[in-house]
Amino acid sequence: MRGWTALFIKDGKLILRNRLLLVVLVIYPFLIMGIMGAAFYDAGRPVPLGLVDLDRAEEGGIAWLGATTDEVPALERRFRYRAVRVEEFGSCEEAEEALSTGRASMVLAIMTDGESPRWLGADLTADQVELTLEDVREASSMRDYSSFQEALEPRGGERNDLVLALREKEYPHIGESIWLDKESYDASGLIMRFSSGVAEVTEYESEEEAREALARGGIDAVIVLPRAFVYRLKALNETAIVPVIIDQSNLVKAEFAETSIRGFLSRVKDGVAEEKMRAVVAGLYVLVTGGDFFGTEVVGLGQIRENLETIKGALADRPELAELVEGGIDLATTVIEDIEEAADYLKGTALPVELDISSTAGRTLSAKDAAVPALIALSILWTGVLCGAILMVVEDEEGMRERIALTETGPLALVGSKLLLATVVVFAQSAVMLVLAVAAFGVFASNALLALLVIAAASFSCIGIGLVIAAFARQVAAAVIMSVLVSFPLIFMTGAVYPLSQMPSFMQWLAHAVPLTYAIDALSGVMLRGEGLADVAGRVGILLAFGVGLLAAGSMLARRRDAG
Amino acid sequence: MISLLGVDKEYDGLRALSGVSLSIEEGEIFGLIGPNGAGKTTLIRILSGRMDPTRGEILFQGEKVEARHPGYRSRIGLVPQDPACYGRLTARENLGLMARLYGMGREEAVPRVEELLSWSGLMEHADRQARHFSRGMLQRLSLAMGMVHSPPVIFMDEPTSGLDPEARSSLWELISRLSGEGKTVLVTTHNMEEADHICSRIAILVKGRVREVGSPREIKGLLGADRLELRLENGAEGALSSVCGRLGLAWRREGDLYVVTGENIPGKLPEVASGLAGSLRDLHYREVTLEDAFLRFMREVGE
Ligand SMILES: Nc1ncnc2c1ncn2[C@@H]1O[C@H](COP(=O)(O)OP(=O)(O)O)[C@@H](O)[C@H]1O
Ligand SMILES: [Mg+2]
């Protein structure tokens, strides 16, 4: 034990007096956390989004709709049946001309593989247009385009079987708005309301313009609101397809944009659903009280029952008739009670379903919170491997290995004392990092004390790697290069850069042969997932076992070298 | 004290030592002389128990030595070929560390370190980091580090290589003092002057074989002798021959030079001179050094 302490003290002095090591070990936590702080300084800033609202597109244009369906013949039949006179056109230009001159209010292009489209135009009334559109929507999914060319070759690669064209201003329900909380919102208004705080939305005149902004990098994604978006949200049997264009060149950015868009679109959906439910409930009450039932003035059931009571009173001398009326009164009473019960029941479910999104740690996590455990674990790997390897090789470089081999000090003391010292140093370093992250940058750690335990175990195992590396290097420079060569692939293998679940099974298997994998998992477990000692004990044990195994390997290699 | 019996060492096929048999007596300074690659370091490594010989054995005070035998290692001290110490530790810390590694307690280690600091003349530099030391100081520190545990035997591998004359002589003085304290010292060198100066006995190692063993004087006598170089007038060979015959000396001709060799030439010089009388043009007496002897020996063995 005397040897252990002597070596321990000696290595401590070596670290303190070696400026390079000292810089790496002392400055590093501040450097890393400083960079992290700077990187996430602006974290939580709204995602910049572009918005194109086709309802608001310039007047006088043509609305193009494409549909993928196998019911083209049926749809064509119904269109011909509905129209008084169907005209055939030879080309897109002819059809467009017929639309703009008012000769046709709607044009159908039927696309057949390998052939040029057939163009049918007809002058339809507004109701007929709406019915036709409904037919198509029922038979297929429909998307909005800004030109025929676009509908002909959609970006997703899907082929349209049918393209519809009509004048923008005749598009039914265009520009319709919805009342939410006593305020009226049109399509872009809805998006603005629900995206506030999450996204910073810029409106563009056309999809082209928005795509240009996306390419320039001014925005991270573009949302294209289809025509009559609000109507489609409100209509019971409608699904509104909302094309979202995301810049996928940067996966992380794309992921952020997608998550936030999904988030607020689902809030839009919830808001509308709630409003629809309110309307249904109000309608049910109207059935009892009388009034405006979705546009029709109705006499309430309550009034009908009163009327029946009056009739029954007037029929006092005609008991057989009064009895018949009595049956009507009973029915009205039952129906009124049922409706009221149903409405009350629906009112209950119409309460806003608020998603309370939170992490298992009990607090919503930011990107910064999520980054820190991996950051600390990577720094442990890097400095641990380096520190272990350098401490061993310095001894070799100074010629002291031969000397020490002649004393009573065995290889275990030689290697083990370094492992312990380096563990203390790297632990202290990482603890400083953790404290900085929590105190200076407000990073979340649900169980900081347990995190320290994981950090200690992780340091122990990573330094072991350095001790083994050192057996193959004779100079500090070689040890440093080898540490880089070894650490780098390890970092990739642990899922810190690329999710493990996305890797083939042999890579996942390999990842479990790397202590860092357990370190990152355990550290994010105790910091972010609220795991307790019992949860991480297994992984901490594995880390310690790795350390002990590597220590044994390191001592064995050191013994072999000293014998040579 | 230490005997080597037919020691062979092979490094994957390369034979570094063959059939080395030597006996090193207690209290002597034994010099192992040989050119680079002769196997000196290999022999030291075997002696210091760092590795086993391929064949043969080593006896320490009559006991057979096994490599990594802990009891043996604590009885020997090693001064490696290159000064070994921690550059970022001070002289005192380096010595203190060795003391602790040899199992001394603090109360034992501290006075020992102070003793060694003054013994090696490093006291005034005791608290300087060793990386700032000159090579001479490093060698003295390295020697002191090898002696921390007061071993009766010390092996030194080329301790003076790369030192300036002053540093070298101060190290010689330390080594001589060691033997005065009753230590047995085995020192390797390729510096003949040094061996001549401090060693009580010498072995010449060439290509892993011991060629000669003996005191420097014996080696010199064996390998060469003092020589008298003469330049004579023509026709004086007869006179030279008769003088040499009378005094028991040998002579030979090397070019236009006559070389006379034999015992006690300085004492016989007046007789030689008077015997040659007028035909002596020039006379030069050269005392043989170990270096001369060694170089001549190396020429003879074809190195
Ligand atoms: N570890 C080793 N492996 C292989 N060959 C070695 C090793 N050490 C020394 N040698 C060889 O053994 C011979 C003797 O080397 P060494 O004992 O270092 O000689 P010296 O110290 O007299 O210069 C040399 O030829 C050297 O190349
Ligand atoms: Mg050597």
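Conventions and cut-offs
- Each chain has its residues counted from 1, running along the sequence as written.
- The lettering of chains begins at A and the numbering of ligands begins at 1, in the order of writing.
- Note on the predicted model: pLDDT of at least 70 is required for a residue's local features to be given, and 80 or more for side-chain atom pairs to be given and counted; whole-chain, interface and lining totals, by contrast, use all residues.
- Note: side-chain values were computed over all heavy atoms of the structure, leaving out hydrogens and water.
- Helix and strand labels come from DSSP, where a helix needs a run of H or I of at least four residues and a strand needs a run of E of at least two; each type is numbered from the N terminus.
- With a 1.4 Å probe rolled over the protein chains alone, any residue whose accessible area is under 20% of its type maximum counts as buried; one over 50% counts as exposed, and the rest are partly exposed.
- We call two residues contacting when some pair of their heavy atoms lies within 4.5 Å.
- A 1.4 Å probe and the Shrake-Rupley method give the accessible areas. Residues count as covered only by the protein chains that appear here.
- A carboxyl oxygen of Asp or Glu within 4 Å of a side-chain nitrogen of Lys or Arg is what we treat as a salt bridge.
- Counted as coordinating are nitrogen, oxygen and sulfur atoms within 2.8 Å of the metal, or 3.2 Å for Na, K and Ca, while water is not included, which may make sites look incomplete.
- Working definition: residue near molecule or strand if any one of its non-hydrogen atoms lies within 4 Å of it.
- Under the rule applied, a polar contact is a pair of N or O atoms within 3.5 Å (in protein, one hydrogen donor and one hydrogen acceptor; residues adjacent in sequence only if both atoms are side-chain atoms).
- Using a 1 Å grid laid over the protein atoms alone, points where a 1.4 Å probe fits but cannot get out form a cavity; open sets with protein on both sides within 12 Å along at least 5 of 7 lines form a pocket; any residue with an atom within 4 Å of a point counts as lining.
- Grid points are joined across faces, edges and corners, and a volume is the space filled by probe spheres set on the points.
- Each residue is assigned to one of three groups, with Ala, Val, Leu, Ile, Met, Phe, Trp, Tyr, Cys and Pro labelled nonpolar, Asp, Glu, Lys and Arg labelled charged, and all others, Gly among them, labelled polar.
- Each residue carries a pLDDT score, the predictor's confidence in it, ranging from 0 to 100.
- Candidates for patches are residues over 30% relative accessible area with no salt bridge; among them, like charges are joined within 9 Å and nonpolar side chains (Val, Leu, Ile, Met, Phe, Trp, Tyr) within 5 Å.
- For two strands to pair, DSSP has to find at least two bridges joining them.
- Between N-to-C directions, angles cover 0 to 180 degrees, with each direction set by a line fitted to C-alpha atoms, over the stretch in contact for helices.
- The nonpolar core is taken to be a set of buried Ala, Val, Leu, Ile, Met, Phe, Trp, Tyr and Cys residues, with the residues joined through side-chain atoms within 4.5 Å.
- Note: buried area is the sum, over both parts, of the accessible area (probe 1.4 Å) each one loses when the two are combined.
- Lys and Arg are tallied as positive, Asp and Glu as negative. Neither His nor the chain termini are counted.
- Here the site of a charge means atom NZ of a Lys, CZ of an Arg, CG of an Asp or CD of a Glu.
- Each residue after the first adds 1.5 Å to the expected span of a helix.
- Aromatic pairs are defined between Phe, Tyr and Trp rings, using the six-membered ring for Trp, whenever the two ring centres lie within 6.5 Å; interplanar angles under 30 degrees are classed as stacked, those over 60 as edge-to-face, and all others as tilted.
- Charge-over-ring contacts are defined here by two conditions on Lys NZ or Arg CZ: a distance within 6 Å of the ring centre and an angle within 35 degrees of the ring normal.
- Orientation is classified from the angle alone, with under 35 degrees giving roughly parallel, over 145 giving roughly antiparallel, 65 to 115 giving roughly perpendicular, and any other angle giving oblique.
- Working rule for handedness: look at the near helix, and if it is turned counterclockwise from the far one by less than a right angle, call the crossing left-handed; if clockwise, right-handed.

Some words on the overall build of chain B
Helix and strand counts for chain B stand at eleven helices and 14 strands. Here chain B holds 303 residues, and the buried ones make up 53% of them. In chain B, the share of contacts with a sequence separation of at least 24, taken over all contacts with a separation of at least 6, comes to 70%. Accessible surface for chain B amounts to roughly 13,200 Å². Of this, 46% is attributable to carbon and sulfur atoms.

Notes on the pattern of salt bridges
All names here are of chain A. With the rule as written, the count across this model stands at 41 salt bridges over all chains. A salt bridge links Arg-232 to Asp-144; the shortest N-O distance between them is 3.0 Å. Placement of the pair is Arg-232 in helix α9 (residues 229-234) and Asp-144 in strand β6 (residues 141-145), with a sequence separation of 88 residues. Here Arg-232 falls in the buried class, since its relative accessible area comes to 1%.

Quick look at the coordination of the magnesium ion (ligand 2)
Four donors placed tetrahedrally around a metal ideally meet at 109.5 degrees, and six donors placed octahedrally ideally meet at 90 or 180 degrees. Residues and elements named next belong to chain B. For the magnesium ion (ligand 2), the full set of protein donor atoms is Thr-41 (OG1) and Gln-81 (OE1), and the range of their distances to it is 1.9 to 2.5 Å. With Thr-41 in helix α1 (residues 40-47) and Gln-81 in the loop between β6 (76-79) and α3 (91-101), this residue pair connects regions lying 40 residues apart in the sequence. Residue Thr-41 is classed as partly exposed on the basis of its relative accessible area of 29%. Relative accessible area serves as the criterion here: at 31%, Gln-81 is assigned to the partly exposed category.

Brief notes about the site of ligand 1
Residue and element names in this part refer to chain B. Close to ligand 1 lie Tyr-11, Leu-14, Ala-16, Pro-35, Asn-36, Gly-37, Ala-38, Gly-39, Lys-40, Thr-41 and Thr-42, which account for all nearby residues. In this structure, Gly-37 approaches ligand 1 through a main-chain N or O atom, which is 2.7 Å from an oxygen atom. Taking Thr-42, its side chain carries an N or O atom lying 2.5 Å from an oxygen atom of ligand 1. Bound to the protein, ligand 1 loses 63% of the 560 Å² it would expose on its own. Residue assignment for the shell around ligand 1 shows that the elements contributing at least two residues are β2 (14-24) and α1. With three residues, α1 is the single largest residue contributor to the shell around ligand 1.

A short note on empty space enclosed by the protein
Here the idea is plain: a probe the size of a water molecule rolls over the atoms and shows the empty space left. Residue and element names in this part refer to chain A. Counting across every chain of the model gives four cavities of 30 Å³ or more. Within this model, the largest cavity holds a volume of roughly 50 Å³. Contributing to the lining of the largest cavity are Met-392, Arg-401, Leu-467, Ala-470, Ala-471, Gly-554, Leu-557, Ala-558 and Arg-561. Looking at the lining of the largest cavity, the elements that each hand over two or more residues are α16 (448-470) and α20 (533-563). Among the elements that take part in the lining of the largest cavity, α20 stands out by supplying four residues, more than any other. By residue class, the composition of the lining of the largest cavity is six nonpolar, one polar and two charged.

Structural notes on the confidence of the model for chain B
All names here are of chain B. Confidence in the prediction for chain B averages 86 pLDDT; 96% of positions are at 70 or higher. Mean pLDDT across the secondary structure elements of chain B bottoms out at helix α11 (residues 290-300), with 74, and peaks at α3, with 95. Scored as a complex, the prediction yields pTM 0.69 and ipTM 0.79.

Details of a nonpolar patch on the surface
A surface patch of nonpolar side chains, amounting to about 440 Å² of accessible area, comprises Val23(A), Val26(A), Ile27(A), Leu31(A) and Ile35(A). Within the element layout of this structure, Val23(A) appears in helix α2 (residues 19-39).

Points about the sheet that holds strand β13 (residues 257-261) of chain B
Residues and elements named next belong to chain B. Across the sheet, four strands lie side by side as β12-β13-β11-β14; this open sheet has antiparallel pairing. Here the strands that pair on one side only, and so sit at the sheet edges, are β12 (250-254) and β14 (280-286). Averaged over all pairs of adjacent strands, the angle between their axes in this sheet comes to 25°, without regard to strand direction. Most of the contacts of helix α9 (residues 237-247) go to β12, to which it runs at about 150°, and overall it touches β11 (227-232), β12 and β13. Packing of helix α10 (residues 265-276) onto the sheet brings it into contact with β11, β13 and β14, and relative to β11 it is tilted by some 15°.

Side note on the sheet that holds strand β7 (residues 162-167) of chain A
Paired through backbone hydrogen bonds, the strands of a sheet run either parallel or antiparallel to each other. All names here are of chain A. Pairing within the open sheet is antiparallel, and its six strands lie in the order β3-β5-β4-β7-β2-β6. The sheet terminates laterally at β3 (86-89) and β6, the two strands that pair on one side only. Adjacent strand axes in the sheet meet at a mean angle of 25°, parallel and antiparallel pairs treated alike. Looking at chain direction, β3 and strand β5 (residues 118-122) are connected through four bridges and run antiparallel. The residue of β5 that forms the bridge with Phe-89 is Trp-119. Set on the sheet, helix α3 (residues 72-82) makes contact with β3, β4 (106-110), β5 and β7; between it and β5 the angle comes to about 30°.

A look at the nonpolar core
Counting residues in hydrophobic clusters, the biggest one holds 163 residues, and the most contacted among them are Met527(A), Leu143(B) and Phe155(B). Beyond its immediate sequence surroundings of up to four residues, Leu143(B) is in contact with Val79(B), Trp119(B), Ile154(B), Met156(B), Leu171(B), Leu174(B) and Leu178(B). Counting 25 residues, the second-largest nonpolar core is a separate cluster that includes Val72(A), Ala122(A), Tyr171(A) and Ala228(A).

What to know about the interface of chain A and chain B
A common way to state how big an interface is: give the accessible area lost once the parts meet. The partner chain B presents 32 residues to the 25 residues of chain A that form the contact. Between chain A and chain B, roughly 2,700 Å² of surface is buried when both sides are summed, and carbon and sulfur atoms account for 55% of that area. For the chain A face of the interface with chain B, the top three residues by lost area are Arg17(A), Arg403(A) and Leu406(A), together amounting to 30%. Linking chain A to chain B there are two salt bridges. Residue Glu93(B) is joined to Lys13(A) by a salt bridge in which the shortest nitrogen-to-oxygen separation is 3.2 Å. Taken together, the connections running from chain A to chain B amount to ten residue pairs in polar contact (both at pLDDT 80 or more). Listing elements by their share of the side of chain A that touches chain B, those giving two or more residues are α1 (2-17), α14 (400-406) and α20 of chain A.

Points about unusual backbone geometry
Residues and elements named next belong to chain B. Of note, Asp-12 is a non-glycine position whose phi angle comes to about 25°, a positive value. Counting through the fold element by element, Asp-12 comes out in the loop between β1 (2-11) and β2. The class for Asp-12 is exposed, based on a relative accessible area of 83%.

With respect to the pairing of β1(B)
Residue and element names in this part refer to chain B. Relative to β2, β1 is paired through seven bridges, and the arrangement is antiparallel. Bridge pairing links Ile-2 to Ile-24 in β2. Once β1 ends, the chain turns through two residues before running back antiparallel as β2, passing Asp-12 with a positive phi of about 25°.

Here we look at a negative patch on the surface
All names here are of chain A. Together, Glu-337, Asp-338, Glu-340, Glu-341 and Asp-344 make up a region of like negative charge exposed at the surface. Examined against the element boundaries, Glu-340 turns out to sit in helix α12 (residues 319-349). On the basis of relative accessibility, which here comes to 33%, the residue Glu-340 falls in the partly exposed class.

Here's the deal with the side chain of Arg232(A)
At 3.5 Å, the side chain of Arg232(A) and the side chain of Tyr171(A) are in polar contact. Here Arg227(A) takes part through its backbone oxygen, which lies 3.2 Å from a polar atom of the side chain of Arg232(A).

Observations regarding helix α15 (residues 411-441) of chain A
For α15(A), spanning 31 residues, the distance from its first C-alpha to its last is 43 Å, which sits close to the expected 45 Å at 1.5 Å a residue. Positioned one or two residues after α15(A), Gly442(A) has a phi angle of 65°, which is positive.

Let's talk about the packing of aromatic side chains
Residue and element names in this part refer to chain A. If you walk through the whole model with that rule in mind, you get six aromatic pairs over all chains. Linked through ring pairs, Trp-64, Trp-119 and Phe-148 together constitute an aromatic cluster. In this arrangement the basic side chain of Arg-193 is found over the ring face of Phe-194, its NZ or CZ atom lying 5.0 Å from the centre.

Looking at the packing of α2(A) against α15(A)
All names here are of chain A. One can describe the packing of α2 onto α15 by two numbers: an axis separation of 9 Å at closest approach and a directional angle of 30°. Relative to α15, α2 is oriented roughly parallel. In the packing of α2 onto α15, the handedness of the crossing is right-handed. Counted together, Val-24, Leu-25, Tyr-28, Pro-29, Phe-30, Ile-32, Met-33, Gly-34, Met-36 and Gly-37 of α2 and Val-425, Gln-429, Val-432, Met-433, Leu-436, Ala-437 and Phe-441 of α15 form the full contact between these two elements. Residue composition of the contact of α2 with α15, grouped by class: 14 nonpolar, three polar and no charged.

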